[in-house]
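Fold and geometry: a report
The lines below spell out each chain.
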Amino acid sequence: MSQDSTAVPEAARKLSGRRRREIVAVLLFSGGPIFESSIPLSVFGIDRQDAGVPRYRLLVCAGEDGPLRTTGGLELTAPYGLEAMSRAGTVVVPAWRSITSPPPPEALDALRRAHEEGARIVGLCTGAFVLAAAGLLDGRPATTHWMYAPTLAKRYPSVHVDPRELFVDDGDVLTSAGTAAGIDLCLHIVRTDHGTEAAGALARRLVVPPRRSGGQERYLDRSLPEEIGADPLAEVVAWALEHLHEQFDVETLAARAYMSRRTFDRRFRSLTGSAPLQWLITQRVLQAQRLLETSDYSVDEVAGRCGFRSPVALRGHFRRQLGSSPAAYRAAYRARRPQGEIHPALPAVAQTVDALPQQARRAAAASTPAGPSATASAAHDPGKPGSDAYAPGRPTLPGQRERPVG
């Protein structure tokens with residue numbers, strides 16, 4: 001369920017002009033990856049009425065002058081231009097070529113006009129950056145590929161970026177995580193338009209599950225936006241990653257940054273796209289995931305080595321993020337590996353800490369400054385009264401956040 005959603009319920013939105021609900025426009029740009037671009041083309045552009053899937057009418061529109069180059073040097077020629085978007089009840093932006101470059105103003109104007117005229121706007125993967133540039137995500141919840149979520153949150157601070165979700169349905173504006181999550185969102189659109197049976201029939205044709213459980217948490221790594229390397233908070237992040245085996249809370253991190261908790265929360269969110277408590281718990285769970293894969297420590301020992309207050313706290317957060325218990329995850333992981341193969345142990349924090357400036361790494365090794373002691377935080381025990389709120393409950397359908405009803 002979306003938080004702070006101001007979207008108008010779909011039933012209340014009316015299409016104006018020549019727009020028709022069954023018409024789907026897919027907006028392509030040069031440099032867009034072919035896989036993401038092909039998802040809405042396959043879902044909405046192929047006639048599968050023989051399988052019980054109602055037909056959409058597809059309009060492939062060029063967002064700029066062609067030819068449009070894509071993966072492997074292929075060149076595409078779109079049969080329509082931006083003017084054809086005026087007929088679409090749904091407009092899909094499957095990807096954008098670079099998160100550092102601005103989309104063409106003409107395409108942004110066409111998206112704004114489509115939204116104003118009642119069209120449903122969809123951004124798959126990095127397509128969310130195009131929607132954000134058009135101002136269509138201001139004040140709304142949204143998601144994108146977990147790797148780009150921090151950059152989206154920093155560049156567009158008015159967007160409520162949630163890197164955990166596979167997709168977010170905010171009524172008339174929808175966004176998805178990367179690559180395969182675009183299929184999840186397109187199936188969700190079919191399910192919304194035509195019901196569960198139609199979406200299930202389409203999923204069978206595509207040979208994919210009709211609904212995937214979980215979110216992006218299981219795919220997250222320690223990646224942080226490149227911009228954080230020059231920020232003073234890089235030292236705090238480096239220290240936290242090197243001391244995940246200790247029990248400390250967000251107050252401790254705020255003290256290391258010489259900030260109030262409120263200021264620290266705001267600065268941290270602007271850099272990483274996550275609240276510091278959410279980020280810290282995610283890093284502890286990721287550390288536990290690695291230890292379960294690479295060691296023979298018991299679950300109790302893993303909990304202690306990841307800074308959780310108790311095995312109960314580890315189990316609760318692990319199940320919430322990865323959809324299984326630590327023991328079940330380890331058993332499933334080992335069952336997938338060839339017999340006798342040993343997974344090389346991964347350095348706990350090397351990937352991120354090595355990417356941080358030398359100054360940050362030196363500071364991370366320094367002793368804790370005067371301030372609140374690194375005591376166990378109630379945040380690490382979901383059952384302890386007075387703890388920081390971890391996150392709202394998972395939505396009814398796993399792996400998604402949907403618009404509110406009514």
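Below you will find a few notes about this structure.

Criteria and cut-off values
- Residues numbered from 1 in each chain as written.
- Predicted model: local features only at pLDDT ≥ 70, side-chain atom pairs only at ≥ 80, totals over all residues.
- Heavy atoms only, no water.
- Axes fitted to C-alpha atoms, helices over the stretch in contact; angles between N-to-C directions.
- Helix = DSSP H or I, 4+ residues; strand = E, 2+ residues; numbered from the N terminus.
- Parallel < 35°, antiparallel > 145°, perpendicular 65-115°, else oblique.
- Contact = heavy atoms within 4.5 Å.
- Nonpolar A, V, L, I, M, F, W, Y, C, P; charged D, E, K, R; others polar.
- Buried < 20%, exposed > 50% of the residue type's maximum accessible area, 1.4 Å probe, protein only.
- Expected span 1.5 Å × (residues − 1).
- Polar contact = N/O pair within 3.5 Å; in protein donor to acceptor, adjacent residues only side chain to side chain.
- Pairing = 2+ DSSP bridges.
- Right-handed = clockwise from strand over helix to strand, strands pointing away.
- Phe/Tyr/Trp six-rings, centres within 6.5 Å; stacked < 30°, edge-to-face > 60°.
- Lys NZ or Arg CZ within 6 Å of the ring centre and 35° of its normal.
- Core = buried A, V, L, I, M, F, W, Y, C linked by side-chain atoms within 4.5 Å.
- Left-handed = near helix turned anticlockwise from the far one by under 90°.

1. Concerning the packing of helix H10 (residues 276-294) against helix H12 (residues 311-322)
Helix-helix packing is described using two parameters, namely the angle between the two axes and the distance between the axes. Two elements in contact, H10 and H12, have axes whose closest approach is 10 Å; the angle formed by their N-to-C orientations is 95°. Taken together, the axes of H10 and H12 are roughly perpendicular relative to one another. Residues Ile281, Thr282, Val285, Ala288, Gln289 and Leu292 of H10 pack against Leu314, His317, Phe318, Gln321 and Leu322 of H12. Of the residues belonging to the contact of H10 with H12, the class tally is 7 nonpolar, 4 polar and no charged.

2. Here's the deal with helix H7 (residues 233-242)
The element H7 is extensively covered by neighbouring structure, given that 8 of its 10 residues are classed as buried. Among the residues making up H7, those that are buried are Leu233, Ala234, Val236, Val237, Ala238, Trp239, Ala240 and Leu241.

3. Quick look at helix H2 (residues 105-116)
Given a rise of 1.5 Å per residue, 12 residues ought to cover 16 Å, and the 16 Å separating the end C-alpha atoms of H2 matches this to within 8%. The secondary structure elements touched by the buried residues of H2 are strand S1 (20-28), strand S5 (88-93), strand S6 (120-123), helix H3 (127-133) and strand S10 (173-176). Just past H2, the residue glycine 118 takes up positive phi, approximately 95°.

4. Concerning the side chain of arginine 120
With respect to the helices, strands and loops of the structure, arginine 120 is situated in strand S6. Here aspartate 193 takes part through its side chain, which lies 2.9 Å from a polar atom of the side chain of arginine 120.

5. Thoughts on the pairing of S1
In terms of strand pairing, S1 meets S5 through 4 bridges, oriented parallel. Paired with valine 26 across the bridge in S5 is valine 92. In this region the chain leaves S1, passes through helix H1 (residues 34-45) and returns to the parallel neighbour strand S2 (residues 57-62); the handedness of that crossover is right-handed.

6. Concerning the packing of aromatic side chains
The relative placement of two aromatic rings is captured by the distance of their centres and the angle of their planes. Counted by the stated rule, this structure contains 7 aromatic pairs. Every member of this aromatic cluster is reached through a ring pair, and the members are Phe264, Phe268 and Trp279. Between arginine 284 and the ring centre of phenylalanine 248, over which it is positioned, the NZ or CZ distance is 4.6 Å.

7. Details of the environment of glutamine 321
Assignment of secondary structure puts glutamine 321 in helix H12. Residue glutamine 321 is classed as buried on the basis of its relative accessible area of 2%.

8. Focus: the nonpolar core
Core analysis: the largest hydrophobic core is formed by 36 residues, its most contacted members being Leu27, Met85, Val91, Leu111, Ile121 and Leu137. Of all the elements in the fold, those that place two or more residues in this core are S1, S2, S5, H2, H3 and helix H4 (149-155). Beyond its immediate stretch of four places on either side in the chain, valine 91 contacts Ala25, Met85, Leu111, Ala114, Arg120, Ile121 and Val122. By size, the runner-up hydrophobic cluster in this structure holds 34 residues, among which are Ala257, Phe318, Leu322 and Tyr329.

9. A look at the packing of H1 against helix H5 (residues 180-194)
Two elements in contact, H1 and H5, have axes separated by 10 Å at closest approach and are oriented at 25°. Classified by the interaxial angle, the pair formed by H1 and H5 is roughly parallel. For the crossing formed where H1 meets H5, the hand is right-handed. Each of Ile39, Pro40, Val43 and Phe44 in H1 lies in contact with H5, whose residues at this interface are Gly182, Ile183, Cys186, Ile189 and Val190.

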